[in-house]
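So the chains spell out like this:
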Number of protein chains: 2
Amino acid sequence: MPFSSINDRMQFSTEKYQKVNLIATDRSMLDIYCLLPGQKQDLHAHQGNDKYYVVWRGEAEVTIGNETRRLEPGDVAVAGPGEPHAIANPAQRPLVVLVFQAPNPF
Amino acid sequence: MPFSSINDRMQFSTEKYQKVNLIATDRSMLDIYCLLPGQKQDLHAHQGNDKYYVVWRGEAEVTIGNETRRLEPGDVAVAGPGEPHAIANPAQRPLVVLVFQAPNPF
């Protein structure tokens, strides 16, 4: 199915942040991460793939390597292979981030 | 540079639609396409790579294979390797679309 929608698929949980896959191919994948205030994905790295963040709604605190920035809707970041990265919701409202990964890590 | 911004980089021209690269790596790239009313990218295909559209602002008419849909902000589409795809701005206001490609075709 070549079509999907962020608005139809966003979902939140008080237990932990939600990863929702919108589209995946053998080569790449497009997810949304949905974080309530205070939720985060801890610092980690992927060998061999690029991971892009695009803030869709809310505010994000994104770390790439040893640099941390506060990002708003339309702001973009990328972590290359082996590069540590993390994301958190430092604000008082929900955060939705587009996450594009290639090659598909799964 | 691992950070960029859609809002800082969007640009339009009455001559033709504008492709602006936000971030590129050896493996993948993230562009924005900026289309004024009536502008379009004609049907074409890429061998060996995936191309994702995410509508950021405005309305898009996107064709993937033999299916054409009207897309709004947050709507997503993907064209796989060899799959014909096209995009047009059918509305009366500017269109900005995020375009992810992997592997990087250039």
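The structure displayed is predicted, hence computed values, not measured ones.

Undergrad: Help me out: how do you make sense of the environment of Thr63 of chain A in this one?
TA: Residues and elements named next belong to chain A. Tracing the backbone shows Thr63 in strand E6 (residues 60-64). Given 18 C-beta atoms within a 10 Å radius, Thr63 is considered partly exposed. Linking Thr63 and Ile87, residues 24 residues apart in sequence, is a C-alpha distance of 6.4 Å. Leaving out residues up to four positions away in the same chain, Thr63 has contacts with Leu43, Thr68, His85 and Ala86.

Undergrad: Can you walk me through the pairing of strand E10 (residues 95-102) of chain A in this structure?
TA: For a regular strand, side-chain orientation follows a simple rule: the groups alternate between the two sheet faces. Residue and element names in this part refer to chain A. In terms of residue burial, E10 counts as a mostly covered element, since seven of its eight residues are buried. When strand E3 (residues 29-35) meets E10, the two strands line up antiparallel, connected through seven bridges. If you follow Leu35 over to E10, its bridge partner there is Leu95. Here seven bridges tie strand E5 (residues 50-57) to E10, and the two strands are oriented antiparallel to one another. Bridge pairing links Val55 to Val97 in E10.

Undergrad: Is there a simple way to think about the interface of chain B and chain A in this case?
TA: Note on interface size: it is often stated as the accessible area lost on association of the parts. Listed by partner, the interface residues are 27 residues for chain B and 27 residues for chain A. Looking at the side of chain B that touches chain A, the elements that each hand over two or more residues are strand E1 (3-5), helix H1 (6-9), strand E2 (18-24), strand E5 (50-57), strand E8 (75-79) and strand E10 (95-102) of chain B. A class-by-class count of the residues in the side of chain B that touches chain A yields 16 nonpolar, seven polar and four charged. Where strand E8 (residues 75-79) of chain A and E1 of chain B come together, three bridges link them in antiparallel fashion.

Undergrad: In this structure, what is going on with the confidence of the model for chain A? I would like to understand it.
TA: Any residue range with low pLDDT should be treated as having predicted coordinates unsuitable for detailed reading. Summing up the model confidence of chain A, the mean pLDDT is 96 and the portion of residues at 70 or higher is 100%. Among the scores for the predicted complex, ipTM is 0.95 and pTM is 0.96.

Undergrad: Would you mind showing me how to read the nonpolar core here?
TA: Considering soluble globular proteins, one finds that nonpolar side chains tend to be buried as a cluster. Of all hydrophobic cores here, the largest spans 58 residues; its most connected members are Tyr53, Val54 and Val97 of chain A together with Tyr53, Val54 and Val97 of chain B. Excluding residues within four positions of it along the chain, Val97 of chain A makes contact with Ile32, Tyr33, Tyr53, Val54, Val55, Trp56, Ala60 and Ile87 of chain A.

What counts and what doesn't
- Residues numbered from 1 in each chain as written.
- Chains lettered and ligands numbered in written order.
- Predicted model: local features only at pLDDT ≥ 70, side-chain atom pairs only at ≥ 80, totals over all residues.
- Helix = DSSP H or I, 4+ residues; strand = E, 2+ residues; numbered from the N terminus.
- Buried ≥ 20, exposed ≤ 12 C-beta atoms within 10 Å, placed from the backbone.
- Contact = placed C-beta atoms within 7 Å.
- Pairing = 2+ DSSP bridges.
- Nonpolar A, V, L, I, M, F, W, Y, C, P; charged D, E, K, R; others polar.
- pLDDT = per-residue confidence, 0-100.
- Core = buried A, V, L, I, M, F, W, Y, C linked by C-beta atoms within 7 Å.

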